[in-house]
Amino acid sequence: MPTDSNHNVTPIFDGRFCVFKQTCPVSLQIKMKDTDWTSDIYHPEIHILMNEQLLDRSEYERLLPYLIPYGYKSLPSPFPYDDVARILSLFPAAESIFEFHGQRRPTCLRCAVVGNGGILKGSSRGMEIDDHHMVFRVNNALRRGHETDVGNRTTHYFFFDRSLRDLEKRDVPRDKGIKYVFVPCERDDYLYIKRVVRGLEPKLHARAADVRILHPDFIRYVQRIWMGLPQISPYFRPSTGSLMLFTALHAGCDSVQVYGMGYQPKYSLYYFDNEYRAHNISTSVHDLSKEISLVKLLHEAEIIDWYQRLT
């Protein structure tokens, strides 16, 4: 069992796991268990989502040493247990990001993970993306006017409050049955998602039943086990796009096609850019070089199918 390098007696996993039933004979879950470099670090049993039923005082104390988003430590003062519990009590005790609304789960669940990279502009991949059972989008996921290239369906939207800063209200995903997968990066983000479900945010109103909150353990697991990176500062974390991808790899998708991730100088930074924007993957917040190398390795191992548009 992996351990946290900074807290040798504190496990990343605590034994209270959620494991989905495997039905697809060619699932990426099988490939990840059988591939040498992933088999030792792949833990499908880890809790992806956090909810009130998983939080008691002992669990809070276990997570308290870790800065948000990896736990509940907040600067300059801790995030109080009662405040965390009250906010989590608003949301369903869900174990999965998926709901099939009485329909039978597909034997092999196909998921499209769609980033916002400029390689999608002029790609004509929209119909292909929309043809997946599940379509994940992230942050400034503008579809209006770009449907031919990026599609129009969204089943899961990964975001935090700053994600909506550049989106007009009419462009925030509101598809029927959509699940909003929330990535709390700061203490105020928990207060933000509470306002969202209480109808107090101008751009997004969502039913609490449609919101899922990523578990601090899962974010820390991606950062330290998959990326092999320490927590450098309170704001250093995996990108929301990489968390979207790793959620797809752990939540029960049997195949994952990745679009609009990675950087190519031939194309602008984002597909919705009106003018060319150069890439700069140096950042104090994310290790994007490491994230891209992981996508490349997963593609080479045929665990994911990464659309690269090399020509």
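Quick caveat: nothing in here was measured; it's all calculated off a predicted structure. (Residues numbered from 1 in each chain as written. Predicted model: local features only at pLDDT ≥ 70, side-chain atom pairs only at ≥ 80, totals over all residues. Heavy atoms only, no water.)

1. Quick notes on the overall build of the protein
Here comes step 1: Of regular secondary structure, the protein possesses 10 helices and 10 strands.
Here comes step 2: The C-alpha atoms of the protein give 19 Å as radius of gyration, which agrees with the globular expectation for 311 residues (19 Å, within 12%).
Here comes step 3: Once the C-alpha set of the protein is aligned to its principal axes, its extents read approximately 55 × 50 × 45 Å.
Here comes step 4: Long-range contacts, defined here as pairs at least 24 residues apart, represent 68% of the contacts in the protein between residues at least 6 apart. (Helix = DSSP H or I, 4+ residues; strand = E, 2+ residues; numbered from the N terminus. Rg over C-alpha atoms; globule rule 2.2 N^0.38 Å. Contact = heavy atoms within 4.5 Å.)

2. Digging into the packing of aromatic side chains
Here comes step 1: Under the criterion given, the structure shown has 19 aromatic pairs.
Here comes step 2: Through a chain of ring-to-ring contacts, the aromatic side chains of Tyr60, Tyr72, Phe79, Tyr81 and Tyr190 assemble into a single cluster.
Here comes step 3: Just above the ring of Phe160 sits the side chain of Arg237; from NZ or CZ to the centre is 5.0 Å. (Phe/Tyr/Trp six-rings, centres within 6.5 Å; stacked < 30°, edge-to-face > 60°. Lys NZ or Arg CZ within 6 Å of the ring centre and 35° of its normal.)

3. A look at the confidence of the model for the protein
Here comes step 1: On average, residues of the protein score 88 in pLDDT, and 90% of them reach the 70 mark or higher.
Here comes step 2: In this model, residues 1–19 is a region of pLDDT below 50 whose contacts with residues beyond four sequence positions or in other chains number 44 contacts. (pLDDT = per-residue confidence, 0-100.)

4. Regarding the side chain of Gln29
Here comes step 1: Take Gln29: it is sitting in helix H1 (residues 28–34).
Here comes step 2: Overall, Gln29 belongs to the buried group, its relative accessible area being 2%.
Here comes step 3: Only 3.5 Å separates the side chain of Gln29 from the backbone oxygen of Leu249, close enough to count as a polar contact. (Buried < 20%, exposed > 50% of the residue type's maximum accessible area, 1.4 Å probe, protein only. Polar contact = N/O pair within 3.5 Å; in protein donor to acceptor, adjacent residues only side chain to side chain.)

5. Focus: the state of the cysteines
Here comes step 1: In total, this model carries two disulfides according to the counting rule given.
Here comes step 2: A sulfur-sulfur distance of 2.0 Å marks the disulfide that ties Cys24 to Cys108. Here Cys24 and Cys108 share a disulfide; its torsion about the S-S bond, 90 degrees, makes the bridge right-handed. One end of the pair, Cys24, is in the loop between strand E2 (7–11) and H1; the other, Cys108, is in the loop between helix H4 (81–88) and strand E4 (110–114), and 84 residues separate them in sequence. (Disulfide = S-S within 2.5 Å.)

6. Here we look at the layout of surface pockets
Here comes step 1: Estimates place the volume of the largest pocket at around 1,000 Å³.
Here comes step 2: Forming the boundary of the largest pocket are 37 residues, of which Asn139, Ser239, Tyr263, Tyr270 and His286 lie nearest the centre.
Here comes step 3: Every element with two or more residues in the lining of the largest pocket is listed here: helix H9 (240–251) and helix H10 (288–300).
Here comes step 4: At five residues, H9 tops the list of elements feeding residues into the lining of the largest pocket.
Here comes step 5: When grouped by side-chain class, the residues that make up the lining of the largest pocket number 15 nonpolar, 17 polar and five charged. (1 Å grid on protein atoms, 1.4 Å probe; cavity = no way out; pocket = protein on both sides within 12 Å on 5 of 7 lines; lining within 4 Å. Points joined across faces, edges and corners; volume = space filled by probe spheres on them. Nonpolar A, V, L, I, M, F, W, Y, C, P; charged D, E, K, R; others polar.)

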